[in-house]
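Below, each chain spelled out in residue letters.
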Amino acid sequence: MPRAVGLAGAALDVFPEEPLPADHPLWRCPNVLITPHTSGFRAGHWDEVVGVFADNLARFERGEALRYPVNPALGY
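Just so it is clear, the structure is predicted and the values come from calculations on it, not from any experiment.

1. Observations concerning the overall build of the chain
In terms of regular secondary structure, the chain is built from 1 helix and 2 strands. Each helix and strand of the chain, ordered N terminal to C terminal, gives the series β-β-α. Here the chain has a C-alpha radius of gyration of 19 Å; the compact-globule value for 76 residues is 11 Å, and the former is much larger. Principal axes of the C-alpha set define a box for the chain whose edges measure 55 × 40 × 30 Å. A burial count over the chain gives 9% of its 76 residues as buried.

The following block contains the structure:
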């Protein structure tokens, strides 16, 4: 029978309220790493973001469907 294994730590980047309040208990957890909602950035990130924006702006001006539309039913 497998034995239960506890969670050793967590890296958290996104919270329902941002920034995470200074008095939030997660700040006091020694096994939790909190990043400022920027952990997904990488080399070339902003070039890609600007490229998607420029493409969507051109699509919008032509009346075409946008790439990566927001879907409120899914929560994003």
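2. A short note on a nonpolar patch on the surface
Taken together, the side chains of Phe-53, Leu-57, Phe-60 and Leu-66 define a hydrophobic patch exposed on the protein surface, amounting to about 430 Å² of accessible area. Considering the arrangement of structural elements, one finds Phe-60 in helix α1 (residues 45–62). Phe-60 gets classed as exposed once you look at its relative accessible area, which sits at 59%.

Criteria and cut-off values
- Residues numbered from 1 in each chain as written.
- Predicted model: local features only at pLDDT ≥ 70, side-chain atom pairs only at ≥ 80, totals over all residues.
- Heavy atoms only, no water.
- Helix = DSSP H or I, 4+ residues; strand = E, 2+ residues; numbered from the N terminus.
- Rg over C-alpha atoms; globule rule 2.2 N^0.38 Å.
- Buried < 20%, exposed > 50% of the residue type's maximum accessible area, 1.4 Å probe, protein only.
- Patch = residues over 30% accessible without salt bridge, like charges linked within 9 Å, V, L, I, M, F, W, Y side chains within 5 Å.
- Areas by Shrake-Rupley, 256 points an atom, 1.4 Å probe, with all protein chains shown as cover.
- Salt bridge = Lys/Arg side-chain N within 4 Å of Asp/Glu carboxyl O.

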